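# Inside the fold
Next come the chains, spelled out residue by residue.
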There are 2 protein chains.
Amino acid sequence: MKSFIQVDPESHFPIQNLPYGVFRPLTGEDPRIGVAIGEYILDLAVIERAGLLRGVGIKEDIFNQPSLNEFMALGRTAWKNVRTQVQTLLSEDEPTLRDNPVLREEAIIHQKDVEMLLPAKIGDYTDFYASKEHATNVGTMFRGKENALMPNWTHLPIGYHGRASSVVVSGTDVRRPSGQMKPPTADAPIFGPSKQLDLELEMGWFIGPGNEHGKPIAVASAEDQIFGLVLVNDWSARDIQAWEYQPLGPFLSKSFATSVSPWIVPLEALEPFRVAGPTQDPTPMPYLQKDGPSSFDINLEVYLKGEKMDEAQKIIGTNFSYLYWSMAQQISHHTVTGCNLRSGDLLASGTISGPEKEQRGCLLELSWRGTEPIEMNNGEERVWLEDGDTLTITGWCQGDGYRIGFGEVTGRVLPAYEE
Amino acid sequence: MKSFIQVDPESHFPIQNLPYGVFRPLTGEDPRIGVAIGEYILDLAVIERAGLLRGVGIKEDIFNQPSLNEFMALGRTAWKNVRTQVQTLLSEDEPTLRDNPVLREEAIIHQKDVEMLLPAKIGDYTDFYASKEHATNVGTMFRGKENALMPNWTHLPIGYHGRASSVVVSGTDVRRPSGQMKPPTADAPIFGPSKQLDLELEMGWFIGPGNEHGKPIAVASAEDQIFGLVLVNDWSARDIQAWEYQPLGPFLSKSFATSVSPWIVPLEALEPFRVAGPTQDPTPMPYLQKDGPSSFDINLEVYLKGEKMDEAQKIIGTNFSYLYWSMAQQISHHTVTGCNLRSGDLLASGTISGPEKEQRGCLLELSWRGTEPIEMNNGEERVWLEDGDTLTITGWCQGDGYRIGFGEVTGRVLPAYEE
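Keep in mind the model is a prediction, meaning the values are calculated, not measured. (Residues numbered from 1 in each chain as written. Chains lettered and ligands numbered in written order. Predicted model: local features only at pLDDT ≥ 70, side-chain atom pairs only at ≥ 80, totals over all residues. Heavy atoms only, no water.)

## Quick word on the UniProt feature "binding site: Mg(2+)" (unreviewed entry) in chain A
All names here are of chain A. In the numbering used here, UniProt assigns the feature "binding site: Mg(2+)" (unreviewed entry) to Asp234, Lys254 and Thr258. In terms of the greatest pairwise C-alpha distance, the residues named above, spread along 25 residues, form a tight cluster of at most 7.5 Å across. Within the secondary structure layout, Lys254 lies in helix H8 (residues 252-255). Overall, the relative accessible area of 7% leaves Lys254 in the buried class. (UniProt positions renumbered as here; feature names shortened; annotations may be inferred. Helix = DSSP H or I, 4+ residues; strand = E, 2+ residues; numbered from the N terminus. Buried < 20%, exposed > 50% of the residue type's maximum accessible area, 1.4 Å probe, protein only.)

Take a look at the structure:
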């Protein structure tokens, strides 16, 4: 399949992808919804207004909105119908849009001419802890190898509620948080800017229709709730975290900012890359058992560029398929008590680490709690993030001659706030 | 001060209170905002439309809405202006409303003729752990007397992110959650309905204007963020909690439901009842230091009525002023890293316990983890909540001949969900 719009084979956004995002033209018009195609965006509000999305079962003006929530609520049949129709409109053999220069002019915008916004109004944000390698590494550092994994870890996908208000879109600067921490040698806690600022390489997914309060989502149908996936950087202040997290879990150490990539890749676009996740031992309880492969082969990379570095350096390369608990299991677990998910809710995987050193998804693990500094290409070292550092996470599935990509989530560290 | 509307001295809603709520007339009209006065509601949408709120600095139709969020965003000056004007309109000496039977007919509705709704769209819900007695009791049960309080507890108000989607208004039935738990004697976890369902007596407060992401709220001005207070029941499944909570804190054990009372009592109405909280030792860090009394003398009671009981029985009687960390401190701490609070966000205190046995704010403490059953007035015992139990929390400040009350938050336990 090819589009009449030229797309580089290395591009993240070929016609096989068509991720959804919310954009505002730099000319200052109202935000609305589009799909990425190569270096361009197809403005779905224009396409809809031109009558080209009739008969696909969506209500009027669903794309002329500043968030995807209403479209997410419609469910998989509507998503598939729209996707098929948009794919047809963009294909090289279809003249409707291709041969209509007035409509093309109006509906196709270069990505450099827009600002990307948060794609949804996030009601609740939940973060899991689904990578066995990550949980084992962190546990080993804090409790020793023998007690690395908590007894509950292999029985259920551990998760916690994150902060929705501070989820920001890629490109937003992130201010170093100040807070309480207690250095191991100090008698009393101290206050100041975090000295152990970290990233966490994660992926997140947005919830479609959601469930009625009190009615769990069965694991067999849990994937029907996944509208699509994004890259997530769950910025973390390890020194604040170490002092505050007992007994109720991480709070301020993570609520100062969470960054997401702007383009939501539909689950449909990832189907060719479906793979099995790791073998689960012990066998999960029935409510977490699902037939067939439930993971995806998604390459993930993290780049760091310090202020004094000429170019960004790759510091992490791993894969989504290392995750022990699947998205379907996480959704089913989340709702098994009757907790309700709503359209636009964001669930994230937790740090994604693999078995190799380069596959560790955060600096805490990469530098092994500061004992193994990372060499940078300009001679500097990194143990934690420094002011001015720009962190970029990218990810893609490699097809035969094309890529299904996620673009990137990037953010620069600003110095701590001063009054 | 007296209203021309008759108000019983025991009523929670005299003219000195005037709490805000969102109601829907049982006749099916659109939800809108009112204040409670005795057994009645003054419909502020009607009052506004009649031109009686001109000149108080609010935009049009701010009360003809299904949530208080926009009014909350205006801040204390606007809240005070509206409150003064409404108090004047309701006072016995003011003829404008008193002597206008047509307007009275339209604007004054009996509370039995409406359904109360959630008063705000809650963006994020945060729950603290601010009672020293509660934290000490729970710590003693789980870790012994010597290690009851974690080392961080006296230095910062411990909190965690709760689930916003499952916050429900008083009167909503609460379904017993099913989930994983691991009985102490079992080799492996089991799945089923929680056997240790509990209540938590808390109070919550709604955030006014909020803060810009990255800019902390100083403790000195933190009370300007408090629109008003409600009663909160943070239902908890102790067996699910014990198995899941390490290392990221409570998740499904509390996210199945949190109930709030529908009437938000303005901070202004509580001013006559301002008192000092407990002495804080060690002295908190500067960002948590505030001059003057920061707590309120609010009587709190919990009643339980089992299906076979003829009348509800009081099981808890305590006071808000036992809370160690003040609301101002909790707000300031929440934002010290730059985390942003938004209008309509809900913060809650955590279980409020006092020094005496009857003042313990949850069954876990009252029954001392099941070892001291509670005698009910029909000969039954309670260790945890049973299906059919109705829990009611109420609270009020006792003035001279009047009460500033919170009404109640009530909920009945339904049996676990079955497919």
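The rest of the description comes next.
## Thoughts on the packing of aromatic side chains
Aromatic ring pairs are defined here through the distance separating the ring centres and the angle between the ring planes. Per the counting criterion, the structure on display carries 24 aromatic pairs over all chains. With centroids separated by 6.5 Å and ring planes inclined at 55°, the aromatic side chains of A:Trp153 and A:Trp325 adopt a geometry described as tilted. Of the two residues, A:Trp153 sits in the loop between helix H6 (132-143) and strand S7 (159-161) while A:Trp325 sits in the loop between strand S21 (313-319) and helix H10 (327-335), which places them 172 residues apart along the sequence. Taking the centre distance of 5.3 Å and the plane angle of 75° together, the rings of B:Tyr324 and B:Trp325 count as edge-to-face. It is A:Arg369 that lies over the ring of A:Phe142; its NZ or CZ is 3.9 Å from the centre. (Phe/Tyr/Trp six-rings, centres within 6.5 Å; stacked < 30°, edge-to-face > 60°. Lys NZ or Arg CZ within 6 Å of the ring centre and 35° of its normal.)

## Overview of the interface of chain A and chain B
Of the residues lining the interface, 59 residues belong to chain A; the matching set on chain B comes to 59 residues. Approximately 5,500 Å² of surface area, both sides summed, lies buried where chain A meets chain B, with 64% of it carried by carbon and sulfur atoms. On inspection of chain A and its partner chain B, the count reaches four salt bridges. Among the salt bridges present, the one from B:Asp124 reaches A:Arg163, with a minimum N-O distance of 3.5 Å. (Contact = heavy atoms within 4.5 Å. Buried area = accessible area lost by both parts, 1.4 Å probe. Salt bridge = Lys/Arg side-chain N within 4 Å of Asp/Glu carboxyl O.)

## Description of the pattern of salt bridges
Here the structure, examined in full by the defined rule, presents 55 salt bridges over all chains. Across the pair B:Glu115 and B:Arg24 runs a salt bridge, and its minimum N-O distance is 3.3 Å. Here B:Glu115 is found in strand S5 (residues 114-117), whereas its partner B:Arg24 is found in strand S1 (residues 20-25), with 91 residues between them in sequence. Of the residues examined, B:Glu115 reaches a relative accessible area of 36% and is grouped as partly exposed. Between B:Asp43 and B:Arg32 there is a salt bridge whose closest N-O contact spans 2.5 Å. Here the residue B:Asp43 occupies a position in strand S3 (residues 40-43), and B:Arg32 occupies one in strand S2 (residues 32-37), the gap between them amounting to eleven residues. Across the pair, exposure class does not vary: B:Asp43 and B:Arg32 are buried alike. One salt-bridge network, held together by shared partners, links A:Asp198, A:Glu200, A:Asp234, A:Arg238 and A:Lys254.

## Some details on the relation of the copies chain A and chain B
Superposing chain A onto chain B requires a rotation of 180° together with a translation of 0.0 Å along the rotation axis, leaving an RMSD of 0.0 Å. The superposition of one copy onto the other is thereby described by a two-fold rotation axis. Using C-alpha coordinates, one finds that chain A approaches the rotation axis most closely at A:Gly249, a distance of 2.1 Å. Both copies present the same face, since 100% of the interface residues in chain A are matched by interface residues at the equivalent positions in chain B. (Least-squares fit on C-alpha atoms with pLDDT ≥ 70 in both.)

## Considerations on the UniProt feature "binding site: substrate" (unreviewed entry) in chain A
Residue and element names in this part refer to chain A. Annotation from UniProt places "binding site: substrate" (unreviewed entry) at Tyr129, Arg143, Gln241, Tyr245 and Thr351. Assignment of secondary structure puts Arg143 in helix H6. With residues near it in sequence (within four places) discarded, Arg143 still touches Ala148 and Met150. Considering the arrangement of structural elements, one finds Thr351 in the loop between strand S22 (346-348) and helix H11 (363-366). What Thr351 contacts, discounting residues up to four positions off in sequence, is Ser131, His134, Glu200, Leu201, Glu202, Gly361, Cys362 and Glu365. In terms of polar contacts, Thr351 uses its side chain to reach the side chain of Glu200, at 3.3 Å. (Polar contact = N/O pair within 3.5 Å; in protein donor to acceptor, adjacent residues only side chain to side chain.)

## A few points about the nonpolar core
Residues A:Leu229, A:Ile298, A:Phe320, B:Leu229, B:Ile298 and B:Phe320 are the most contacted members of the largest nonpolar core, which totals 152 residues. Excluding residues that lie within four positions of it along the chain, A:Leu229 makes contacts with A:Met203, A:Gly204, A:Trp205, A:Trp263, A:Ile264, A:Val265, A:Leu267, A:Leu270, A:Ile298, A:Phe320, A:Met327 and A:Phe406. (Core = buried A, V, L, I, M, F, W, Y, C linked by side-chain atoms within 4.5 Å.)

## Points about the environment of A:Gln313
Residue and element names in this part refer to chain A. Secondary-structure assignment places Gln313 in strand S21. Distance in space between the C-alpha atoms of Gln313 and Asp113 is 28 Å, their sequence separation being 200 residues. Residues in contact with Gln313, not counting those within four places in the same chain, are Val302, Tyr303, Leu304, Glu375, Met376 and Asn377. A polar contact of 2.5 Å, which involves the side chain of Gln313, links it to the backbone nitrogen of Asn377.

## Comments concerning the domain arrangement of chain A
Residue and element names in this part refer to chain A. The domain architecture assigned to chain A consists of domain 1 (20-117) and domain 2 (125-414). Once you take the C-alpha centre of each, domain 1 and domain 2 turn out to be 30 Å apart. In this assembly, 19 residues from domain 1 lie in contact with 19 residues from domain 2. A combined buried area of about 1,600 Å² lies between domain 1 and domain 2, and 66% of that area is made up of carbon and sulfur atoms. (Domains from an automatic or database assignment.)

## As for H6(A)
Residues and elements named next belong to chain A. Under the 1.5 Å per step criterion, the end-to-end length of H6 is 15 Å for twelve residues, consistent within 8% with the ideal 16 Å. Turning to H6, its buried residues are His134, Ala135, Asn137, Val138, Gly139 and Met141. The inward-facing, buried residues of H6 contact H11. Following H6 by one or two positions, Gly144 adopts a phi angle in the positive range, close to 90°. (Expected span 1.5 Å × (residues − 1).)

## Thoughts on the sheet that holds strand S9 (residues 174-175) of chain A
What holds strands together in a sheet is hydrogen bonding between their backbones, with the strands either parallel or antiparallel. All names here are of chain A. The strand order S9-S26-S25-S20-S21 describes an open sheet built from five strands, whose pairing is mixed. The two strands at the open ends of the sheet, each matched to only one other strand, are S9 and S21. Summarising the sheet, strand S25 (residues 390-398) and strand S26 (residues 403-414) pair through eight bridges and their orientation is antiparallel. From the neighbouring strand, Thr390 faces S26, where its bridge partner is Arg412. (Pairing = 2+ DSSP bridges.)

## Focus: the environment of A:Glu244
As for its placement among the helices and strands, A:Glu244 is situated in helix H7 (residues 238-244). When the C-alpha atoms of A:Glu244 and A:Met181 are compared, they prove to be 7.7 Å apart, with 63 residues separating the residues in sequence. Among residues more than four places away in sequence, those in contact with A:Glu244 are A:Gly249, A:Pro250, A:Phe251, A:Leu252, A:Ser253, B:Asn152 and B:Ile158. A distance of 3.0 Å separates a polar atom in the side chain of A:Glu244 from the backbone nitrogen of A:Leu252.

## Quick look at the confidence of the model for chain A
With 100% of its residues at a pLDDT of at least 70, chain A reaches an overall mean of 97. In the predicted complex, the global pTM is 0.98; the interface-specific ipTM is 0.97. (pLDDT = per-residue confidence, 0-100.)

## Considering the pairing of strand S1 (residues 20-25) of chain A
All names here are of chain A. Burial of S1 is extensive: five of the six residues sit out of reach of the surface. Where S1 folds back onto strand S2 (residues 32-37) in an antiparallel hairpin, the turn is made up of six residues, including Gly28, whose phi is positive at roughly 100°. Across four bridges, the pairing between S1 and strand S5 (residues 114-117) is antiparallel. What sits directly across from Phe23, in S5, is Met116.

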